[in-house]
Every structure is written in structure tokens, then in C-alpha cells.
Amino acid sequence: MTAKSTTHSSHWGAFTAVVQDDKLVITPFAGDPDPSPILKNFENALNHKVRIATPMVRRGWLENGPGPDERRGSDEYIAISWEEAYALAAGELSRVARAHGPAAVFGGSYGWSSAGRFHHAQSQVHRFLNTTLGGYVRSVNSYSSGAASVILPHIVGDMNEIARRGVSWEEISEHTELLLSFGGLALKNSQVASGGLSEHTERGFIHKAAQRGTKFISVSPLQSDMPDEADAEWLPIRPGTDAALILGLLSVLKANALTDEDFLARYCVGWDKLVAYLQGKEDGLVRDASWAAEICGIDAERIEKLAVELAGKRVMVSVAHALQRAEHGEQPVWLGLVLSAALGQPGLPGGGYGYALGALGHYGKHHNRVSFPALPQGKNGVKDFIPVARIADMLLNPGQEFRYNGQTLRYPEIKLAWWAGGNPFHHHQSLARLRQAFNQLDTLIVHEIAWTATARHADIVLPATMTLEREDVGGAPTDRHLIAMQPVARPFGEAKDDYSIFAELAKRLGREEAFTEGRTARQWLEHLYQQMQEKCEQQHISVPDFSTFWEIGQIPLPQLKDGGRLLRNLRLDPDKHPLPTPSGKIEIFSQTIADFNDADCPGHPVWLEPTQKPDDEHPLFLIANQPATKLHSQLDYGHHSVSLKRDGREVCLMHPQDARVRGIQVGDTVAISNVRGTALASVDISEGIRPGVVQLPTGAWYDPVDPQAARPTCRHGNPNVLTLDVGTSSLAQGCCGQITTVNVARYQGTAPAVKAFEPPVILTR
Ligand code: PGD
């Protein structure tokens, strides 16, 4: 008998799956023109030895009780029953809430978990803590767009409008003459969209645009940031200096009377102030092409020529998320918008500003007329919050003041953190510091599918099912298909889904009804689907009932053609459609930001030197970007991810000049080091990277040789052992994980074998 093939979805694509001869066979969604190779990571994921089979408790926590503990990250675990696990976790949550209140519980639980909209782990944590405790300390914004999501509302409007409802790929392929991209449009990034995507269309649109004659220019230290289909010109910029380059371009445009003064006067405020800054009226420093060239490493003549090339054409300016994941990351986001405004392009078909275009599969797409509802999270009665990337600061400095978006706030004192669906030892910076921070807690509770470094720091580990082992509905608001995520396999070991775990815990806390509202997981899916169906009916969109949807596995959803509407409407009639900014216009100068009085983010965009600059000890920039072989750290043990490691290690990229002077050859193991630690990696050498820059993608599971060391060595190649844990600025406090400075040396002797996918020592009783 042949096994039934089931439909399913992931952040990196929809697919069908079937177990044949004990092997999981994955077939990409039939309508996907360019499926992602990272689907292959599922093939060996279900029963891998690094999966967590039963609830676990950390030995030190069980023996000594809750409290700060240096052993987190290197302790043994004891397998326990679910009954014991529920009793320990519910008991500890009650103790902390009784003794310190819900403001001592951190439930931010940042992370992407899986595509299904109901089993979205972060929403489950939030709902659980709201319904059982009445609230928790939350986090705001994301590691993806921490700086952009705070600055954009001040200067043009909500990030969703600018990115998710930005100028569409379709329009670009039809109208754009020149696409100037800061940070590129790498397909490894747009292969992913939270909630899932059934059609990967970016490659096709880029190809179509290039064929029609769109010129692509990619400004990035890495040539690979632009797909081959674009046939782009590559301007290899010094990392972190795009703001200076854009200021130089603006200077040239102004000096040559190439700016669209009419657009700037009608639809923007503050151009005069920026011009004064460019011309050095404030401080005598003229920010012209020569000034910019010194900083960004691109010749002054090329900057001058580029500015002239931009003028008078239908130009799209795009700025990648990566640029704002760095010190003063707000500035390139602001200046990309200003450049498009100076060229008079916002609101024209295929012209203007595409913030984060290509950074995720959501951007440059159309929105569905109706989207699948999210799980309601309940009401959070705790007011305290942190910008998401300030987690270590909060745990290390309770009570300390910090600045955020014009406010002075105080870090709460956290005793217990609850994490499901995220991997802070993947996503956070300066991992030795993060370990110190987690060591301050009384208790860390983690739900995980596998022994990630985060699970290895937890006191109570609750084994979660992976997406393939449960029912859900997949569909992002920009995806034309809603997918029934049918289970492919039985849960691994004793793993349970996050909802069932929380329902059992809520029962023990006397709040089961409040958490579940009397519904099973399947009943929630039916309930949420029915809500969507009702919205569809109001709009005369016909969709089948739930059981038919489940049977057929996927349904199409009609879309709006709403790309770029905010700026298009402004241009149509600024009085009727003002932007949601204080002036109703694009704010080249923001009085609101100026009044915050934060020197690291003044009232108009500026070039501010980062603190991290190459020096004798750390002569190279490190770019720690998104991996191509997986999403973040997910399924790092999967076939595709592992097949592209070398000696089990992550692969870094160097320029031949930098390799030669260090006696490094392709395939060597190198130590990439700075004051915070060392990452070991295998080397590739290519001219497709700017000299003076080394690239090591994120995603390799943290695997320290010496977990307790102040400067640990990760034998697997996790770059966050090296990155600096500071906020982008006082305005947004976003993550700065993208760029740091390092030295690279050939590893002498035999490098230690990678153990990231070996479970920790587990004791049974
Ligand atoms: P993931 O690897 O996706 O990383 O950080 P994030 O924490 O989201 O983690 C998700 C975890 O959820 C995985 O460990 C997975 O096993 C687990 N999981 C999956 N499904 C389930 C489930 O159903 N239940 C439970 N309980 N767990 C589940 C990503 C973050 O990293 C992001 S968004 C960005 S953009 C940042 N990028 C960078 C960067 O460019 N450079 C650096 N240096 N650092 C970064 N960090 C950030």
C-alpha cells in the first residue's frame, strides 16, 4: 500500500510529503516556479539523534533549586516524566509570580518557530502568560528590522506600508530603468517568508526586468548579494558606510542641479537642513563625493558618475535589512528614502523607495484581500518592555535606565524567562555575554524540538513537536495560497505541541478554560478558518468549508494590487492622503527626533562613525549575514545544511589578497577572533568579496569548546560569538549583528571536532 501524500508548508516553501520505505520524500508545491533547496533539510529531521525525546530538567537546578547558576550551558540533564515536568514548571511559575509578580517573568520569546499560524510558538507563550498570570514583560520589534521599524514611522509611515506594501516586483519588472540596491537582493533571503510562501517569484521578476533593460547596480561588500539574473554592476563598498555614500550622491545631485526641487518642496520637509549639512554650513565639513569616497572606499569619480546616471531616470532605491543591523543602522534607511525623494521618484510606477525589497519573500508582493487570523493573545497587564535585542542588558542590569524612541525607561528585574520557538544562542550577539545574562535567572524554561544551545542553557526543557508532526494552517498575508498543513509523521518520542503543553500547564494553574476556551487544536483551526470564511463572505469571495479545505489541501486567495499605495496616494493629492508623519510629508528633517536630543540619532540623517573600525589587532571586517543553506539556525542538522559545511564546520569567504598574506588556502580551518571570542570555520576564497572583508553566515549552532570561558571558541563557526551586543542607537536600540571586526589566522594543529549535534549528557533515574 502506498502511503498518503500530505500537503504542508514551511517558511521556505509549500510542499507535499510522504514517508516511503522509512524515508521522507518532499516534493515542492506544484505551482512554485523556483522552489528553495532548503526544503531538503526536512529529509533527515524527524528522527535525528539531536531531537529531544522527553522532558528534561537540568541537574544543577534540580539539586539546588532555582537561582543564578554558572553551570548553564555545560550541565547534565535528567529525563523526567511529563507529570513531573508540568509540576515543576507550573510550580516555579506560581512561585515567581507570588513572590515577585508577573513583571518578573520575561515572555518575549522572540523567534520564528514554524510556519503554521496556530502553533506559532511565540503567540502561544504570550497567550499562556496573559491568561494564567495576567501578563509578562514583553519585547518589541525584531532582530530583522529593529532600527527600520522605529525610524520609518517617524519619517514616512509604518514599516509594513513601506516594505510589505512597497513597490511591487511586477511594477519593477515593467517600469524600472535603474534599480540601485544597497545591500543587494539575494535570493537566499527572499526564499523565506514567515508564515510560508507557495511561489518563489523573485528570480523570474529580476530576469524579466533585466531582459527588458532595467540596469541593476548592487552596492555591497559581497558580489553574491545580487542574483546572476540581474546582470548587475557591483560596487564593492566598505561595510557599514552606505550612509556616507548616499550623502556623497546627494551632494553631487545638488551641486549639479539634478535634484527634483519641486518634489522636495511639495512632498517633503527639511531638505534645506540636509543641504546645509551636506555643504558643511553647520561645521565646515563639506560632504561631497571625495569626502564620501574616503569613507566608503568607492572612487569619487564613480560616485559623481553614478549620481548623474541616476538623474532623469525611473529609479528604484532599495535598502536591505542587513544595513540597519549595524551601529547607526537608522541612517542608511533614512537616506535611501531621501535619495529617492531627491530624484523625485516616490509614487511613480516602478520608482521610489523599496525598503527591504528582496530581504524576505513578503516584500514586493501583493496582499491577500483577506488573511488568516492570528491566535488571540489576550491582554497583557504588565507595562514593562524591552526593545528585543536588549535582552542581555536587561538581565545583567536590572533597574538601569535606557533610552528608546525618545523615552527613558528602566530594565525590570526578571527571575524567570519562558522561551518557545526561538534560539537566542543563534540570534543574539556576544554569546559569552548572553550566557552570563541567562546565568542571572532563577529559571529558564525552553520548549524545543532539538538540543539547540538555547535548550542546553535551560533549566526545564519541554520537547516540542516539529511542524511535520501536527496539524496547522500555513499562509502569509502576501501568499496567494492557504495551505492545510497535514501531519506527515507521529510525534518524536514523547514530544507534544506547544498548545497541548500550555493547556496542561494552564490546567494545573487553574486557568485551563481561559487558555483553551474549551477548544482542541483542531477546533481552533476550524474556528480561525471560520472567521476567515466570514470575512471572505462579506467580500463576496467564495471559499470552501473547513473540511473541504482540509481534504483538498490548499486554496487560492484573491489579492489586492496595492503595492506602493502610500507614496502613490501622497503624490495624487497630499491634502487628501497625507503621510502618517507629523508633517504629513516625507520627513528629511524630523522635529520629533530632533527633540529626543539623542546625539546618536539627530533630527536629520547624518554619517556617524561606528565604534567598530578595523585596527592592527582586528584588521578585517566580518560580515555575519543570513545563511543560504537554512533559515537562521533551523534544521542546521538537515541534509542540505550539513552537505555544504566542510569538516562539519561552517564555511567563511575571504578575498585572495587577505588569504595570501596569511598563508591561507581553500579548505583550511581558520580561527576568526576578536576580544569577545573565536569562531572556527573552513575557508573559501573568492574575488567576489571586497578585500579586507571576511564573511561568515549565521546559523551554525553554537558549539563552544569552553562554554564557561570569558572568550569562548565555537568550533562550529557561529559568528555571534564575535559580534558586539550594542543597540543601533538610542532611538531604536536594534541589533548590530551584521558587522564586526576580527583577525583571521590559519588554525594550527588539529581542529576540535564539531559536537553541535551530539545531545548533552542525559541521566535517567
Ligand atoms: P531560528 O533559528 O529561526 O532563529 O532568530 P530566531 O531565534 O528566530 O529559531 C527558531 C527556533 O524555533 C529553532 O531553534 C527551532 O528549532 C524552533 N522551533 C521550530 N518550530 C518550533 C515549534 O513549533 N515549537 C517550538 N517550541 N520550537 C520550534 C532569527 C534572528 O536572528 C533574525 S529574525 C535575524 S534577521 C537576525 N539575523 C542576524 C544576522 O544577520 N546577523 C547576526 N549576527 N545575527 C542575527 N541574528 C538574528
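The structure displayed is predicted, hence computed values, not measured ones.

**Student:** Can you explain unusual backbone geometry? Please cite residues and give values.
**Tutor:** Most peptide bonds take the trans form, and the phi angle of most residues other than glycine is negative. One non-glycine residue, Asn141, lies in positive phi territory at about 70 degrees. Counting through the fold element by element, Asn141 comes out in the loop between strand 7 (138-140) and helix 4 (148-155). For Ala356, which is not glycine, the phi torsion reads 65 degrees and is therefore positive. With respect to the helices and strands, the residue Ala356 is situated in the loop between strand 13 (352-355) and strand 14 (385-387).

**Student:** Can you explain the site of the ligand? Please cite residues and give values.
**Tutor:** Near the ligand you find 33 residues, and of these Ser114, His427, Glu448, Arg470 and Ser633 are the closest. Within the side chain of Asp498, an N or O atom sits 2.7 Å from a nitrogen atom of the ligand. Gly737 is positioned such that a nitrogen or oxygen atom in its backbone is 2.8 Å from a nitrogen atom of the ligand. Contact with the protein chains hides 99% of the accessible area of the ligand, taken as 920 Å² for the molecule alone. Counting atoms within 2 Å of the grid points, the majority share of the ligand lands in the largest cavity. At the level of secondary structure, the elements contributing two or more residues to the shell around the ligand comprise helix 16 (424-427) and strand 18 (443-448).

**Student:** Residue-level account of empty space enclosed by the protein, with values.
**Tutor:** In total, this model carries six cavities of 30 Å³ or more according to the counting rule given. Put simply, the largest cavity is a space of about 670 Å³. In this structure, the largest cavity is lined by 47 residues; those nearest its centre are Trp112, Asn423, His632, Ser633 and Gln634. Elements with a contribution of two residues or more to the lining of the largest cavity: strand 1 (6-10), helix 16 and strand 18. Taken together, the residues that form the lining of the largest cavity break down as 16 nonpolar, 27 polar and four charged. In this structure, the second largest cavity spans a volume of roughly 450 Å³. Surrounding the second largest cavity, 33 residues form its lining, Asn189, Ala322, Arg325, Asn625 and Gln738 being those nearest its centre. Each residue belonging to the lining of the second largest cavity can be placed in one class, and the counts come to 17 nonpolar, 11 polar and five charged.

**Student:** Lay out the domain arrangement of the protein in plain terms, naming residues and giving numbers.
**Tutor:** Looking at the assigned domains, one finds that the protein contains domain 1 (56-143 + 376-383 + 395-401 + 408-422 + 434-556) and domain 2 (167-363). With 11 residues of domain 1 at the interface, the matching set in domain 2 holds 11 residues. With both sides pooled, the region where domain 1 packs onto domain 2 buries about 840 Å², and carbon together with sulfur makes up 50% of that total. When residues of domain 1 are sorted by the area they lose upon contact with domain 2, Trp112, Thr478 and Asp479 head the list and together hold 47% of the total. At the boundary of domain 1 with domain 2, the tally comes to one salt bridge.

**Student:** Go over the pairing of strand 24 (residues 620-623), please, and point to the residues and values.
**Tutor:** Each regular strand shows side chains that alternate between the opposite faces of the sheet. Side-chain alternation along strand 24 places Leu620 and Leu622 on one buried face and Phe621 and Ile623 on a second face that is also buried. Looking at chain direction, strand 24 and strand 30 (residues 739-746) are connected through four bridges and run antiparallel. The residue of strand 30 that forms the bridge with Leu622 is Thr740. Summarising the sheet, strand 24 and strand 28 (residues 693-695) pair through three bridges and their orientation is parallel. Directly across from Leu622, in strand 28, lies its bridge partner Val694.

**Student:** Give me the lowdown on the sheet that holds strand 3 (residues 23-28), citing residues and values where you can.
**Tutor:** The three strands are arranged 1-2-3 in an open sheet whose pairing can be described as antiparallel. The outermost strands of the open sheet, each flanked by one partner alone, are strand 1 and strand 3. Neighbour-to-neighbour, the strand axes of this sheet turn through a mean angle of 40 degrees, independent of strand direction. One ladder, built from six bridges, connects strand 2 (residues 13-20) with strand 3; its direction is antiparallel. By the bridge assignment, Phe15 is partnered in strand 3 with Pro28.

**Student:** Can you explain the UniProt feature "domain: Molybdopterin oxidoreductase" (unreviewed entry) in the protein? Please cite residues and give values.
**Tutor:** Sequence positions flagged by UniProt for "domain: Molybdopterin oxidoreductase" (unreviewed entry) are, in local numbering, residues 51-508. Across residues 51-508, the secondary structure splits into 36% helix and 15% strand, with the terminal C-alpha atoms separated by 27 Å.

**Student:** Now, about the pattern of salt bridges: what can you tell me, with residues and values included?
**Tutor:** This structure, assessed with the given rule, holds 50 salt bridges. Between Arg51 and Glu469 there is a salt bridge, and its shortest N-O distance comes to 2.9 Å. Of this pair, Arg51 sits in the loop between strand 3 and strand 4 (56-58) while Glu469 is found in the loop between strand 19 (460-463) and strand 20 (472-474), placing the two residues 418 residues apart along the sequence. By relative accessible area, which is 3% here, Arg51 ends up buried.

About the thresholds
Residues numbered from 1 in each chain as written. Predicted model: local features only at pLDDT ≥ 70, side-chain atom pairs only at ≥ 80, totals over all residues. Heavy atoms only, no water. Helix = DSSP H or I, 4+ residues; strand = E, 2+ residues; numbered from the N terminus. Near = heavy atom within 4 Å. Polar contact = N/O pair within 3.5 Å; in protein donor to acceptor, adjacent residues only side chain to side chain. Areas by Shrake-Rupley, 256 points an atom, 1.4 Å probe, with all protein chains shown as cover. 1 Å grid on protein atoms, 1.4 Å probe; cavity = no way out; pocket = protein on both sides within 12 Å on 5 of 7 lines; lining within 4 Å. Sits in = over half its atoms within 2 Å of the grid points. Points joined across faces, edges and corners; volume = space filled by probe spheres on them. Nonpolar A, V, L, I, M, F, W, Y, C, P; charged D, E, K, R; others polar. Domains from an automatic or database assignment. Contact = heavy atoms within 4.5 Å. Buried area = accessible area lost by both parts, 1.4 Å probe. Salt bridge = Lys/Arg side-chain N within 4 Å of Asp/Glu carboxyl O. Buried < 20%, exposed > 50% of the residue type's maximum accessible area, 1.4 Å probe, protein only. Pairing = 2+ DSSP bridges. Axes fitted to C-alpha atoms, helices over the stretch in contact; angles between N-to-C directions. UniProt positions renumbered as here; feature names shortened; annotations may be inferred.

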